Each structure stands twice: as structure tokens, then as C-alpha cells.
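Spelled out, the chains give:
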Amino acid sequence: MSTIHQAVILAAGVGSRLQDVVDDRPKGFLEICGEPIIEASIAKLVRAGISHIIIVTGHLHQFYDSLASKYPFVSTVKNHAYATTGSMASLKIASSLLNSDFLLLESDLVYENQALSELQRSTQKNVILLSGPTDSGDEVYVGVKDKRIVNMSKDIKEIEVKGGELVGISKICIDLYMKMVAQCERVDAEQYQYEDCLTDVSDTTEIGFHYLENLIWGEIDDRNHLERVTETVYPLIREKERREMIEKNPQRKILLNPGPATTTDSVKAALVVEDICPREQEFGALVEGIRQDLVRIVHGEGEYECVLFTSSGTGAVEACLSSVVADDKSVLIINNGAYGARMLQICSCFDIPCIEYKVEWGEPINFPELESMLADHQEDLSHIAFVHHETTVGLLNSIDKVCDLAGRYHLETIVDAMSSFAGIPIDVKKQQVHYLVSSSNKCIQGMAGIGIVICKRDSLERSKELRKRNFYFNLYENYRFFNERKEMQFTPPVQLLYALRQAINEYFLETEKGRADRYEKSYTVLIGGLEKLGFEFLVDKEHHAKILTAIVEPHDSHYSFTAMHDYLYERGFTIYPGKGGQRDTFRLANMGAIDSNDIEQFLQCLEQYLLDSGITL
Ligand SMILES: *Cc1c(COP(=O)(O)O)cnc(C)c1O
């Protein structure tokens with residue numbers, strides 16, 4: 001079961017047989033259906049649970065380096081002698097970044113997910129992936145004996161017992177890798193290829209193989225290959241994977257409640273990991289990477305620190321409020337929904353003086369009113385706290401406007417961005433946020449149980465001087481502990497962190513814009529459909545956060561939220577009751593690993609329900 005987490009992609013080569021096709025790009029940047037093949041490969045690797053991809057570059061390395069800036073889980077290392085050396089020289093160079101068993105791939109491959117999932121599942125330590133006949137015209141045959149590989153050749157006559165065709169995707173354990181590196185040094189030939197090296201060491205090391213008769217894949221070395229892949233291989237893969245998706249998950253649950261949100265299968269799968277003590281260095285590195293990447297999501301690199309708690313989102317809000325306000329200062333809290341009201345409750349438990357700016361739930365902030373309140377209490381205040389996306393009603397409070405105002409009154413800002421973080425682009429530096437709070441189970445699409453606070457480092461450092469009101473939830477102490485020990489202060493939720501790692505990788509894979517666009521499209525389809533059915537919304541559309549919508553309940557004697565919920569729940573859709581506001585509502589969120597197709601199916605189901613139960617709007 002031990003999943004492989006590293007992969008090496010060999011991408012140094014010149015690809016001379018393709019130069020007239022790719023001209024100014026390296027082979028991996030050949031596009032099929034508008035997507036560079038290397039990006040498709042990276043996406044497959046991430047979904048197969050790979051969290052660190054090392055690309056060995058050479059020819060036109062800057063293309064691959066751009067991937068390393070785009071994806072936190074991609075690193076590049078350059079083989080400077082790429083023009084004169086074989087693939088073994090490149091593989092050797094990856095040693096500086098390799099610290100565990102890994103998958104080895106070539107950069108010019110197009111393949112189906114099964115290639116990776118079979119290697120991940122295999123119990124053998126070293127596995128060379130083989131396929132049935134491809135007729136690609138460039139086959140490398142692999143000779144086998146007693147379940148091990150013995151040699152490889154393009155000349156079938158040199159093969160005694162044919163095991164299959166070499167795909168170019170292998171699972172290599174770190175011991176074998178060390179042997180290959182030693183062998184490479186012994187052979188001392190510039191043009192030494194990794195395939196030859198595998199054959200050479202196979203005498204002394206057991207290298208297994210995995211044969212997949214019908215694996216769909218292609219390598220692109222010349223114009224004919226490109227044609228074969230574009231016209232045959234790629235469409236076959238797409239069709240097969242679409243079918244598999246449907247077959248694998250007929251019972252997929254669509255959560256339209258405001259978090260925990262629907263997660264991907266790969267995030268769910270990431271929960272199952274080998275037991276590990278969280279005091280191990282390896283685990284520290286995992287948490288460190290997560291902290292950095294959470295900061296990166298809101299563009300706080302260099303100036304912000306992330307503190308994690310084992311708690312739901314409210315725990316992180318409580319940690320923040322109870323750790324950063326001085327005894328002789330107060331915090332102004334904007335209350336236009338249940339989560340703003342919750343901040344007031346937290347302050348009351350800790351006797352933190354606060355000033356409430358109350359707006360009718362569901363109504364936007366009246367800025368002149370807010371400003372006059374700030375002016376009146378300027379002397380006492382040190383912080384202003386508010387909810388970005390007020391999930392009670394689906395209202396978006398403007399970070400720009402509130403934080404700008406706060407800046408003018410020299411106040412620090414605490415933003416509950418629970419249900420907007422990773423769903424709506426946020427830039428903590430530009431928007432002058434001092435503390436931003438979220439959790440693992442909303443738009444970041446991980447599992448519930450991790451509270452996240454992203455803190456401006458200066459502010460956090462200054463909070464060290466304050467009298468402590470709390471212990472477990474002290475923001476500064478948790479931060480200090482991690483910095484000094486590279487460990488979380490108290491027992492972390494080990495498996496949830498692995499799932500969060502996976503969720504973060506999938507966020508970067510989708511990109512900030514990609515995620516925001518997907519959510520917005522789901523929202524647009526949702527409200528369009530609801531309006532067509534005759535529903536009304538609690539909040540004016542111009543203030544919608546576009547991640548959750550509060551819908552006014554029908555005035556029809558046949559209507560019952562519970563009956564509607566149960567009908568939809570039985571059919572795989574979970575909806576949520578309303579909370580507060582001047583009118584009775586129910587709520588639908590479009591966060592999580594769902595898209596507009598799911599929303600369309602939901603709308604059909606809802607329409608059927610209304611018909612079946614004779615509700616008119
Ligand atoms: C979900 C949510 C919270 C936290 O709720 P928990 O139940 O503690 O996870 C806080 N604020 C907002 C705006 C939320 O949407």
C-alpha cells in the first residue's frame with residue numbers, strides 16, 4: 001500500500017526528430033487539444049498521489065522552469081551536458097532532490113491513468129511497465145525471465161522471451177536507483193541510456209515488470225507518432241477515462257451544503273497513508289510545505305506565516321481573536337450574519353472588549369456608517385474583524401473596502417475568509433489583511449478538521465508581548481513552536497494533513513483562476529436555473545459571493561424543507577436549511593469538487609421534485 005510520492009520526468013533531450021514540428025518548444029510542450037503533453041502528465045501524476053515532481057531539463061529548460069514557478073510541487077534540475085549525454089546522466093542529476101522511491105517517466109508520453117494507478121498498486125519494489133503491441137513503429141521490446149526483466153531491444157530477434165513493449169514509465173526504489181548511479185559511474189560512457197542501465201543492473205537486482213495488454217499510450221518522437229497520438233491514442237484515452245469515471249462512481253454524493261464540501265477521490269485516497277509519528281522530520285517537511293503553500297494561495301510569500309490548528313474553522317477564529325487583541329484595546333466586529341455574530345460570542349467568552357457594528361443579516365455594509373463608528377471609537381480600537389463571505393446568507397463583504405478603511409484608522413484587520421479562501425482570489429499584501437482565517441474543508445476542498453490562520457509576520461511577532469488569554473489556541477506560541485522545532489505544538493491530525501497536501505496540489509493544478517471560474521460557472525448555472533423555476537434570492541445579486549446562495553422558501557402549503565431535502569438526498573444531492581435573515585430561506589453552496597454539470601443535474605432533480613409534490617412558485 002505504500003504510495004509513491006515522488007516522480008522524475010526526463011526532459012533534457014533535444015528531440016531532434018521533431019524539430020520541424022516543435023520549432024521553438026521542447027517536446028513536452030507539444031500540444032494535444034490545446035494542452036501541452038507535459039501538463040497533462042503532471043495532472044495525472046498529481047491525481048495519482050504524486051506530491052513532488054522533479055523534471056530534469058536541458059534543451060530549452062526555461063519552458064520547464066516556468067512549470068516550477070507555476071506549481072509548488074514541481075522542481076527542475078538541469079543537465080548542462082544534455083546535448084552530449086544520454087538519459088542516465090540526466091537521471092543521475094536528479095539525485096540531489098530524490099529521497100524516496102519514485103516513478104520515472106519520459107517527457108513525451110501520452111498515457112491513460114491506469115498506467116500510474118497500476119504501478120502505485122503493485123507490491124513489487126521495482127516495476128517496468130510493459131504494454132501489448134502498439135505498432136507504433138518505434139517499439140522497444142523487453143525480454144523477461146522468471147518475472148524479471150533481462151534485456152531490452154528495438155530488434156525483436158535479440159529478445160528470447162518477450163514480456164511486452166517498454167512504455168517508459170517505471171517504478172524505481174531508491175536502492176535500485178543508487179545501484180544505477182553506481183553502474184553509470186562504472187560504465188563512464190556519455191551516451192548511457194537509463195534503459196541500458198536497467199538491463200545492466202538486472203543481473204544483480206530483481207527488476208520486475210507489469211504487463212498491461214491493452215494499455216493506451218503513445219510516445220512522440222516524430223511527426224508520425226504525433227499523428228498517431230493525436231488521432232488515435234488521445235481520443236481513446238479520453239473516452240475510456242470518461243467511461244471509467246462514470247462506472248467508478250455511480251453513487252457520487254454532491255454536497256450543496258456550506259462545507260464540508262465535496263472532495264475528489266484522490267483527496268479521499270490521500271487519507272490512507274502508512275502510520276507515521278508526527279515528530280519525524282519527514283512529517284515536519286510535509287507540514288512546512290503545507291504552511292508555505294497556504295500562504296502562497298493568498299500571495300503572502302515572504303511576509304506572512306501560516307499557523308495550523310487541529311480544529312474546525314471556528315477554532316481558528318477563536319485562536320485569532322483571543323491571541324492578538326491587547327488587554328487595553330478593543331476590536332470592532334462587523335455583524336451582518338451568523339458568523340459575524342459568532343465573533344462577538346467568542347470575544348464575550350474571553351472578555352475581549354468589542355464594539356459591534358450591526359447590519360441587518362443579509363444587508364451589505366453601509367460604509368459611511370461604519371466609518372463614523374470607527375471615528376467615534378478610534379482611541380480604543382486596535383483591530384477590525386469581519387467575515388469576507390458571510391455564509392449565513394451568501395453575502396460578500398468587500399475586503400478591499402473594509403481593509404482600506406481600517407488602514408486609514410491604523411487598525412489591523414482580521415478576516416474570516418472561511419468560505420472564500422481558495423474560491424475567490426485574495427491578495428493579503430495588496431488588500432492589507434493582517435490575519436486571514438480559513439479551514440481545510442471549504443473551497444480548498446480538503447477534509448474537515450484543520451483550522452488555518454495566515455498572519456502578517458510583523459503583527460504576529462508583536463503579539464508575543466501580550467498577556468496570554470489562551471493556551472492550546474495561542475497563535476504566537478503555535479507559530480514559535482513550529483519555527484523552532486519544525487513540528488506542530490500538539491498532536492496534529494496526521495491523515496487530514498496528507499489529504500490537505502493533496503487538496504492543495506489539486507488547487508495549484510487547477511490554478512487560482514481555474515477554480516474561481518469553475519465556481520462562478522456553477523453559480524451562474526445554479527441561479528439561472530433557480531430563477532427559471534421561479535425562486536427568489538434573499539440577497540441582492542450584486543452582493544452575492546457566488547459560492548453560496550440563500551433562496552427564499554416557497555409560500556406553498558405543499559412545501560416542506562425536510563421533504564425536499566429527503567427527496568434530493570435520496571438522489572445524491574445534499575441541501576441545507578437557511579439561517580437567520582428577514583425571510584425564511586434554504587441554502588445551496590457551489591463550493592467543492594463539483595461543476596456546472598452536477599448543478600444541471602441537481603436542477604433537473606429539483607424541478608422534478610416541485611412537479612411531483614405539486615409546488616408552484
Ligand atoms: C464554515 C464557516 C465557519 C466555521 O465553521 P465551523 O463549523 O467551525 O467549521 C466560520 N465562518 C464562516 C464564514 C464559515 O462559512
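Calculation criteria
- Residues numbered from 1 in each chain as written.
- Predicted model: local features only at pLDDT ≥ 70, side-chain atom pairs only at ≥ 80, totals over all residues.
- Heavy atoms only, no water.
- Pairing = 2+ DSSP bridges.
- Helix = DSSP H or I, 4+ residues; strand = E, 2+ residues; numbered from the N terminus.
- Axes fitted to C-alpha atoms, helices over the stretch in contact; angles between N-to-C directions.
- Contact = heavy atoms within 4.5 Å.
- Patch = residues over 30% accessible without salt bridge, like charges linked within 9 Å, V, L, I, M, F, W, Y side chains within 5 Å.
- Areas by Shrake-Rupley, 256 points an atom, 1.4 Å probe, with all protein chains shown as cover.
- Salt bridge = Lys/Arg side-chain N within 4 Å of Asp/Glu carboxyl O.
- Lys, Arg positive; Asp, Glu negative; His and termini not counted.
- Charge placed at Lys NZ, Arg CZ, Asp CG, Glu CD.
- Near = heavy atom within 4 Å.
- Polar contact = N/O pair within 3.5 Å; in protein donor to acceptor, adjacent residues only side chain to side chain.
- Nonpolar A, V, L, I, M, F, W, Y, C, P; charged D, E, K, R; others polar.
- Phe/Tyr/Trp six-rings, centres within 6.5 Å; stacked < 30°, edge-to-face > 60°.
- Lys NZ or Arg CZ within 6 Å of the ring centre and 35° of its normal.
- Buried < 20%, exposed > 50% of the residue type's maximum accessible area, 1.4 Å probe, protein only.
- Disulfide = S-S within 2.5 Å.
- Core = buried A, V, L, I, M, F, W, Y, C linked by side-chain atoms within 4.5 Å.
- Arc of directions from axis to C-beta.

A. Region of the structure containing the sheet that holds strand 18 (residues 381-387). Strands sit in the order 15-23-22-21-18-16-17 across an open sheet of 7 strands; the sheet is mixed. Pairing within the sheet leaves two strands with one partner each, and these edge strands are strand 15 (304-310) and strand 17 (354-358). Averaged over all neighbouring strand pairs, the angle between strand axes comes to 20°, with direction disregarded. One ladder, built from 5 bridges, connects strand 16 (residues 330-335) with strand 17; its direction is parallel. In the sheet register, Val 331 faces strand 17, and the bridge partner there is Cys 354. The strands that helix 12 (residues 338-349) touches are strand 16, strand 17, strand 18 and strand 21 (412-416); relative to strand 16, the one it contacts most, it runs at about 150°. Running over the sheet, helix 13 (residues 367-377) touches strand 16, strand 17 and strand 18 and is turned about 160° from strand 17.

B. Seen up close, a negative patch on the surface. A contiguous patch of negative charge on the surface is contributed by Glu 360, Glu 363, Asp 540 and Glu 542. With respect to the element layout, Glu 360 can be found in the loop between strand 17 and helix 13.

C. Structural view of the site of the ligand. Taken together, the residues surrounding the ligand are Ser 312, Gly 313, Thr 314, Tyr 339, Arg 342, Val 387, His 389, Thr 391, Asp 416, Met 418, Ser 419 and Lys 442. Within the side chain of Asp 416, a nitrogen or oxygen atom sits 2.6 Å from a nitrogen atom of the ligand. At a separation of 2.7 Å, an oxygen atom of the ligand approaches a polar side-chain atom of Lys 442. For the shell around the ligand, the elements supplying multiple residues, two or more each, are helix 11 (313-324) and helix 12. Grouping the amino acids of the shell around the ligand by side-chain chemistry returns 3 nonpolar, 6 polar and 3 charged.

D. Region of the structure containing the sheet that holds strand 26 (residues 576-577). On the basis of which strands lie adjacent, the open sheet formed by 3 strands has the order 24-27-26 and antiparallel pairing. Each end of this open sheet is capped by a strand with a single partner; those strands are strand 24 (548-552) and strand 26. Strand direction decides the pairing type here: strand 26 and strand 27 (residues 585-589), joined by 2 bridges, are antiparallel. Directly across from Tyr 576, in strand 27, lies its bridge partner Arg 587.

E. Representation of the packing of aromatic side chains. Scanning the entire structure with this criterion turns up 15 aromatic pairs. Among the aromatic residues, those joined into a ring-pair cluster are Phe 309, Phe 471, Tyr 472, Phe 473 and Phe 490. The ring of Phe 508 has Arg 296 lying over it, and the distance from NZ or CZ to the ring centre is 5.2 Å. One residue, Arg 571, lies across the ring of Tyr 567, its end atom 3.6 Å from the ring centre.

F. Region of interest: the pattern of salt bridges. A complete count under the given rule lists 36 salt bridges for this structure. A salt bridge links Glu 305 to Arg 457, with the shortest nitrogen-to-oxygen separation between them at 2.8 Å. Taken together, the residues Glu 305 in strand 15 and Arg 457 in helix 15 (residues 457-462) connect sequence positions 152 residues apart. Glu 371 serves as the salt-bridge partner of Arg 408, at 3.3 Å between the closest nitrogen and oxygen. Placement of Arg 408 in helix 14 (residues 399-408) and of Glu 371 in helix 13 is noted, with a sequence separation of 37 residues between them. Judged by its relative accessible area of 25%, Glu 371 is partly exposed. Sharing partners across several salt bridges, the network here consists of Arg 17, Lys 27, Asp 108, Asp 138, Lys 154, Asp 221 and Asp 222.

G. View of the pairing of strand 1 (residues 6-11). Burial analysis of strand 1 places 6 of its 6 residues in the buried class, which makes it a mostly covered element. Here 5 bridges tie strand 1 to strand 6 (residues 102-106), and the two strands are oriented parallel to one another. Residue pairing for strand 6: Leu 10 is matched across the bridge by Glu 106. Of the pairings in the sheet, the one linking strand 1 to strand 4 (residues 52-57) comprises 6 bridges and is parallel in character.

H. A look at the environment of Gly 284. Within the secondary structure, Gly 284 sits in helix 10 (residues 281-297). By relative accessible area, which is 5% here, Gly 284 ends up buried. Through-space distance from the C-alpha of Gly 284 to that of Lys 486 is 5.4 Å; in sequence the pair is 202 residues apart. Residues in contact with Gly 284, not counting those within four places in the same chain, are Phe 482 and Lys 486.

I. Geometry of the state of the cysteines. According to the stated counting rule, one finds 0 disulfides in the structure shown. Not part of a disulfide, Cys 403 finds its nearest cysteine sulfur in Cys 320, a span of 12 Å.

J. Looking closely at the nonpolar core. In terms of nonpolar packing, the biggest core is built from 93 residues, with Ile 42 and Leu 294 touching the most fellow members. Among the elements that take part in this core, helix 17 (residues 494-510) stands out by supplying 8 residues, more than any other. With residues near it in sequence (within four places) discarded, Leu 294 still touches Cys 306, Leu 308, Phe 421, Ile 452, Ile 454, Leu 500 and Ile 504. Leu 104, Met 152, Ile 172 and Cys 197 belong to the second-largest nonpolar core, a separate cluster that totals 32 residues.

K. Broad picture of helix 19 (residues 561-570). Those residues of helix 19 that fall on the buried side of the exposure criterion are Phe 561, Met 564, His 565, Tyr 567 and Leu 568. The buried residues of helix 19 occupy one face: seen down the axis, they fall within an arc of 165°. Within helix 19, the exposed residues directed more than 90 degrees away from the buried face are Thr 562 and Glu 570. Of the surrounding secondary structure, the elements contacted by the buried residues of helix 19 are strand 25 (573-574), strand 26, strand 27 and helix 20 (596-612). Of the residues one or two after helix 19, Gly 572 is the one with positive phi, at around 95°.

L. Examining helix 5 (residues 114-121) more closely. Within helix 5, the full set of buried residues consists of Ala 115, Leu 116, Glu 118, Leu 119 and Gln 120. Contacts from the buried residues of helix 5 go to helix 2 (37-47), strand 6, strand 7 (109-111), strand 8 (127-131), strand 11 (162-172) and strand 12 (208-212).

M. Region of the structure containing unusual backbone geometry. The linkage connecting Gly 259 with the following residue, Pro 260, adopts the cis geometry, with an omega of -10°. Even without a glycine there, the phi angle at Leu 60 is positive, about 50°. Among the secondary structure elements, Leu 60 is positioned in the loop between strand 4 and helix 3 (61-70). At Asp 146, a position not held by glycine, the phi torsion is positive, near 50°. As for its placement among the helices and strands, Asp 146 is situated in the loop between strand 9 (141-145) and strand 10 (148-153). Asp 146 gets classed as exposed once you look at its relative accessible area, which sits at 65%.

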